[in-house]
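Structural overview
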Amino acid sequence: VLPASSKMPHKQPPPRKQSINIGRGTRKRDEDSGTEVGEGTDEWAQSKATVKPPDQLDLTDAELKEEFTRILTANNPHAPQNIVRYSFKEGTYKLIGFVDQLAVHFTQVGNLIPKDSDEGRRQHYRDELAAAVSHQGSQESAKLVISETEILEEEEEPKEAEAGSQTDVPIVEASQKVAEEELMTPKQPKERKLTNKFNFNERASQTFNNPLRDRECQMEPPPRTNFSATANQWEIYDAYMEELEKQEKTKEKEKTKTPVAKKMGKMAMRKMTSLESQSDDITKVTQAAKIVERMVNQNTYDDVAQDFKYYEDAADEYRDQEGTLLPLWKFQNDKAKRLAVTALFWNPKYNDLFAVGHGSYDFMKQSRGMLLLYSMKNPSFPEYIFSSESGIMCLDMHVDHPYLVVVGHYDGNVAIYNLKKPQSQPSFRSSAKSGKHTDPVWQVRWQKDDMDHNLNFFSVSSDGRIVSWTLVKSELVHTDVIKLKVEGSTTEDLEGLQIHTVGCGTAFDFHREIDYLFLVGTEEGKIYKCSKSYSSQFLDTYDAHNMAVDAVSWNPYHTKVFMSCSSDWTVKIWDHTIKTPMFIYDLNSAVGDVAWAPYSSTVFAAVTTNGKTHVFDLSINKYEAICNQPVVARKKNKLTHVQFNPIHPIIIVGDDRGQVTCLKLSPNLRKMPKEKKGQEVQKGPAVEIAKLDKLLNLVREVKTKT
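Please read all numbers here as calculations on a predicted model, not as lab measurements.

Rules and cut-offs
- Residues numbered from 1 in each chain as written.
- Predicted model: local features only at pLDDT ≥ 70, side-chain atom pairs only at ≥ 80, totals over all residues.
- Heavy atoms only, no water.
- Phe/Tyr/Trp six-rings, centres within 6.5 Å; stacked < 30°, edge-to-face > 60°.
- Helix = DSSP H or I, 4+ residues; strand = E, 2+ residues; numbered from the N terminus.
- Lys NZ or Arg CZ within 6 Å of the ring centre and 35° of its normal.
- Core = buried A, V, L, I, M, F, W, Y, C linked by side-chain atoms within 4.5 Å.
- Buried < 20%, exposed > 50% of the residue type's maximum accessible area, 1.4 Å probe, protein only.
- Contact = heavy atoms within 4.5 Å.
- Pairing = 2+ DSSP bridges.
- Axes fitted to C-alpha atoms, helices over the stretch in contact; angles between N-to-C directions.
- Salt bridge = Lys/Arg side-chain N within 4 Å of Asp/Glu carboxyl O.

Scanning all chains against the criterion turns up 24 aromatic pairs. With a centroid separation of 5.3 Å and 55° between ring planes, the pair formed by phenylalanine 331 and tyrosine 374 is classed as tilted. Placement of phenylalanine 331 in strand β3 (residues 325-331) and of tyrosine 374 in strand β6 (residues 369-375) is noted, with a sequence separation of 43 residues between them. Here the aromatic rings of phenylalanine 510 and phenylalanine 518 are separated by 5.1 Å at their centres, their planes lie at 35°, and the arrangement is tilted. Sitting over the ring of tyrosine 384, lysine 290 keeps its end group 5.8 Å from the ring centre. The ring of tyrosine 403 has lysine 420 lying over it, and the distance from NZ or CZ to the ring centre is 4.2 Å.

Right, let's get into the nonpolar core. Residues Val571, Ile573, Phe583, Tyr585, Val594, Phe604 and Leu618 are the most contacted members of the largest nonpolar core, which totals 22 residues. Secondary structure elements with two or more residues in this core: β23 (561-566), β24 (570-575), β25 (583-586), β26 (591-596), β27 (603-608) and α11 (685-705). Counting residues per element, this core draws most heavily on α11, which supplies 4 residues. Excluding residues within four positions of it along the chain, valine 571 makes contact with Met563, Ser564, Cys565, Phe583, Ile584, Tyr585, Leu587, Val591, Val594, Phe604 and Ala606. Among the nonpolar cores identified, the runner-up in size contains 20 residues, and Met370, Tyr374, Ile652 and Cys662 belong to it.

Strand order in the open sheet made by the 4 strands is β4-β5-β6-β7, with antiparallel pairing throughout. Of all strands in the sheet, those bounded by a partner on one side alone are β4 (340-346) and β7 (384-388). Strand-to-strand twist across the sheet, computed as the mean angle between neighbouring axes with direction ignored, equals 15°. As paired elements, β4 and strand β5 (residues 353-359) share 6 bridges and run antiparallel to each other. What sits directly across from phenylalanine 345, in β5, is alanine 355.

Before going further, it helps to examine unusual backbone geometry. The phi dihedral of tryptophan 569 is positive, around 80°, even though this residue is not glycine. Mapped onto the elements, tryptophan 569 comes out in the loop between β23 and β24. When its relative accessible area of 40% is taken as the criterion, tryptophan 569 is described as partly exposed. Of note in the backbone geometry, asparagine 588 takes a positive phi value of approximately 65° without being a glycine.

This paragraph deals with the pattern of salt bridges. Following the criterion strictly, the structure yields 13 salt bridges and no others. Residue glutamate 119 pairs with arginine 122 through a salt bridge whose shortest N-O separation is 2.6 Å. Placement of the pair is glutamate 119 and arginine 122 together in helix α5 (residues 118-163), with a separation of 3 residues, close to one helical turn. The exposure class of glutamate 119 is partly exposed, given its relative accessible area of 33%. Note that arginine 465 and aspartate 463 form a salt bridge whose closest N and O atoms lie 3.5 Å from each other. Per residue, the accessibility class of arginine 465 equals that of aspartate 463, and both read buried. One continuous salt-bridge network, built from bridges that share partners, spans Asp396, Arg445, Asp509 and Arg512.

As structure tokens, then:
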């Protein structure tokens, strides 16, 4: 471009003058012609006439002045008003009443990205890179243009020298300077043209409608039978005679039964008649009925459930070394009102389920027994009910098979109930042939399965025998582990034979870690440390109490410590390596039961016959209980058993009137170690063992000094 403009710079001005002259001439002509046209306008207006179309209406002035109003509505004029659709239900085409009046003129789906977000930064960085690349490209193109102009100038120099035109030199130099200035100034990057958002095309396509298919199938009609009969007098007579024969047979059976069995038979008959009167379909809704019953109970006892879950006694903050028990639910069944609570046990798998054994401790008032299983979700009625001819004195639930419950009876029998089988009779039961005890069974405990993986449990009785029972091929097989003998009580009869006085076992407990080691408490007040391996002698003997030992229990954390309670009003804590007790507590009434807390090695609870529950925490107070609280409403009621829940901060307490009370421990009764600044709170068995060891060492030092 530059060389061409430098060749002919003097030819451009003359055409401009010509164009100016031409413009002036045309203006003059227009003015002249304008004057000529203006003169004949009147003549043209006179000759103009209005032409009407033949079909135009002739309207009067009134009709012309009449106003027609048009109402603007939101209805879409283009919307179809006669859409019909096929109704499969009615099998005809039906007119659709509602038509969508919305007209969409423009839609655009967009999104905004914040500048500070990761995606925004990435886009900004991409734009900067693109700008930098375009700037570099413009600089390179400028360099190429400069190199081309230099080459062209070199070629043109000899031509201009030949021509000898000196007038062109200053013009060329001026154009070169202008070009250099343009190249020196950086070119701005071209802005991208925005695409026209309104320039779009609508494309429509017809999709293929799949044909509808009808599938039909023929079912076999349900079988029907026509039944017709006539009820005559002789048929009614025969039916009554059959019923009379059944009643006579049942009376004959009852005559042969014992009085206890008679009662049970009557109850069974009542149940049968009540079940027969009800419809057979009641079994189908038992599960649903149970759930509804729980829901109703949860609504009824909502305030108690709220207290159980959330209530904490705020007054404990102002009491340093005292706590309280908050009564929650009370569990009682009408059938077990006159029976004492003889055993309590929490289910090892379901934390809301516990078993209650009912019997009688009175030798003169022995009658039937009951095994009830309650859930905290339904305090009004037991989940399972099993009745027995003899009173239940103890029970235990299997850890691995929580549906198996073993019980010990007052008549010396042991039995296993299976909760999966709803019948009231036990799945397995001992008999006189299979070596049952001759005195009441005071305690039973499940043990680990034997070498052949058969279920195994132990029982202790007043007949002085500790028996191991094994379930072999659906039969109970017994082996005597040890026979209790009172030491120093051998006497000689007339023939010179030695007669041993039998020790009456009342309670026992197996060691948590040492499998063969167990303790046995007796009616004489002694505690024997025994081994499963030795059947003839004891490992150790403790002169524990002056009256019968009611309970013996190993500490759940410390392997050397155990606790015992007795009717001589005392609770004693022992180290099994030392023959004298470490702690002795006098509770001013016969102690029915003791239990260690599962959350602390120093907390335990005891119940007494005067209706009080005592909770101790040795780490807070070594000398007396931090909670003494009467639990039963009447003073005549005696408390018999107590158990801690393995997870929740609650205990259950049973009395001799068949009532079980659930109580919540206040925060002071379950104090955990305090947090120290900059130190984490240590938890676990090792900490609990160390806590109890610290207390025992103080007592040991005192005893060694004395």
